[in-house]
Amino acid sequence: MDSPTLENRILRKAEGALRLRTSRLIIVVERCTNDHNYSAIMRSAEALGVQHVYIIAPQDCNTTLKIDGQVGLDFETLDEASDAVADVGNKKLVLHRSNGIRVKGYTEAEVKDRVNHHLFAQRALEWLDVTEFNTTQECIDSLRRDGYQIWSTDLSQVAVTLDENGLGERDGREDVCCYCGRSGSSSIIPEKLAIVFGTEAVGCSTQMLEASDKRVYLPLRGFADSLNLSVATALVVHQLFLLDPTLIGAMSEEERMQLRRKWYAKLATQRIMTKSEKAKKRRLAGQIKALEEIQHKVSFPKSHPHALQPEQKDKLAKLPSIRKELEELDNELYAKALLAVEDLVLNPPEPISDMRRHDDHRISYTGKNTKKRGGEAWANMPATNYVKVEVDTSSFFRDRVKEKSNS
């Protein structure tokens, strides 16, 4: 289990998540129009261990929030991000819908909610493989090429219940999950499955429904016959894992090795950066976001009635070179990080099997100001107390970089 004093804690936790990842199941989101749902789906996919998410006609969710002229979010620490949420009422704010239309008459609570969802989506996307498709047909073609069956969530009476009764009886052939040891049946859940969720208003498109091998729905017990899109996604995916536990950790060793190298290097990169490198990276990222806001005006002229000024056009022309500079810095850091972790990639530490944080280190995703306002109601709660991790992971990775560079 997790502990603040656990040796190689970060890598062991990453290894724990990696061993539980699945590629047998893909989540497909068709034309999601609400960035709250988009970010919640990403968070659920990551938490449940689904590595691949396909997005059809994705919305430009990162441009739906601007704080003090900054598009999107780029915080160095969780505390900094949470304090920004807490202090959001003191900042100049602009909200847009996913289609670029500016939101009028929003409340401070709505802004804080938007900020939180952007943060959660960013964290989840670090550990997911997200593939975007412009059209439904492109996505269908890709899934068919890779041998995936397509099940679409649907409320029509053509759909079958997502349980053993609706999906059919087991044929007696039992598989065993390589990680947890529980059994499941390949006769109920296909070897490779894409589960599709449609738009909030009308569900999956006719094109997707007609291309599906099966239409499914989650049995409900109330007057409401549907759920919020992100809630439905989490419950349906969880139900699939219950129906077939062999989905857990179902990934080829080749893909797992590739992910391990990527994840370990990412964790090392975050910890070997010097102050000057962090400042440079933050500066370049800020410039890119500012220029992307100008680009957003070009892409959505109806929501930005004023034409670009000549100096704005000049700045926009620099966007490719600034992106290249940031890419070169990232590549340099990644090379150092990879040098530090390559032997660990080949011989990984034992995974943490229980991903919950120890109470001594279960800090909530809230900043100091928010915790202060919690007052006595939050007194002595484990999630509000900070306990320093005794193992300095930054020193661990930096020392390995020096050691490998000199060898």
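In this numbering scheme, every chain counts its residues from 1 along its sequence in written order. In keeping with the predicted nature of the model, local features appear solely for residues at pLDDT of at least 70, side-chain atom pairs appear and are counted solely at 80 or more, and the whole-chain, interface and lining totals rest on all residues. The side-chain figures draw on all heavy atoms in the structure; neither hydrogens nor water molecules are used.

A. Structural context of the environment of Glu164. Of note, Glu164 is situated in helix α6 (residues 164–167). Here Glu164 falls in the partly exposed class, since its relative accessible area comes to 34%. Along the primary structure Glu164 and Ile189 are separated by 25 residues, whereas in three dimensions their C-alpha atoms are 10.0 Å apart. Numbering of helices and strands runs from the N terminus, with a helix taken as a DSSP run of H or I at least four residues long and a strand as a DSSP run of E at least two residues long. Burial classes follow relative accessibility: with a 1.4 Å probe on protein chains only, a residue under 20% of its type's maximum area counts as buried, one over 50% as exposed, and anything between as partly exposed.

B. Structural detail: the pattern of salt bridges. A pairing counts as a salt bridge when a side-chain nitrogen of Lys or Arg comes within 4 Å of a carboxyl oxygen of Asp or Glu. Going through the model one piece at a time under the given rule, you end up with 18 salt bridges. Measuring nitrogen to oxygen at the nearest pair gives 2.4 Å for the salt bridge that ties Asp343 to Arg400. Taken together, the residues Asp343 in helix α12 (residues 319–346) and Arg400 in helix α14 (residues 393–406) connect sequence positions 57 residues apart. Assessed through its relative accessible area of 31%, Asp343 is described here as partly exposed. Here the salt bridges share partners, and the residues they tie into one network are Glu15, Arg19 and Arg260.

C. Representation of the nonpolar core. Formed by 29 residues in total, the largest nonpolar core has its most connected members in Leu25, Ile27, Trp151, Ile189, Ile195 and Leu240. Every element with two or more residues in this core is listed here: β1 (22–30), α2 (35–48), β2 (50–56), β11 (193–197) and α8 (229–243). At 6 residues, the largest contribution of residues to this core is made by α8. Setting aside residues no more than four positions away along its own chain, Ile195 makes contact with Leu25, Ile26, Ile27, Val28, Trp151, Thr153, Val216, Val236, Val237 and Leu240. By nonpolar core is meant a set of buried Ala, Val, Leu, Ile, Met, Phe, Trp, Tyr and Cys residues that side-chain atoms within 4.5 Å join together. Core analysis: the second largest hydrophobic core is formed by 21 residues, Leu18, Leu259, Ala265 and Ala337 among them. In this analysis, two residues are considered to be in contact whenever any of their non-hydrogen atoms come within 4.5 Å of each other.

D. Up close: α2. For α2, spanning 14 residues, the distance from its first C-alpha to its last is 20 Å, which sits close to the expected 20 Å at 1.5 Å a residue. Those residues of α2 lying buried are Asp35, Asn37, Tyr38, Ser39, Ala40, Ile41, Met42, Ser44 and Ala45. Identification of polar contacts relies on pairs of N or O atoms within 3.5 Å, with a donor-acceptor requirement for protein atoms, meaning one able to donate a hydrogen and the other able to accept it, and with residues adjacent in sequence counted only if both atoms are side-chain atoms. With a side-chain oxygen lying 2.8 Å from the backbone nitrogen of His36, the N-terminal cap of α2 falls on Asn34. Just downstream of α2 lies Gly49, where phi reads positive at about 90°. Each residue after the first adds 1.5 Å to the expected span of a helix.

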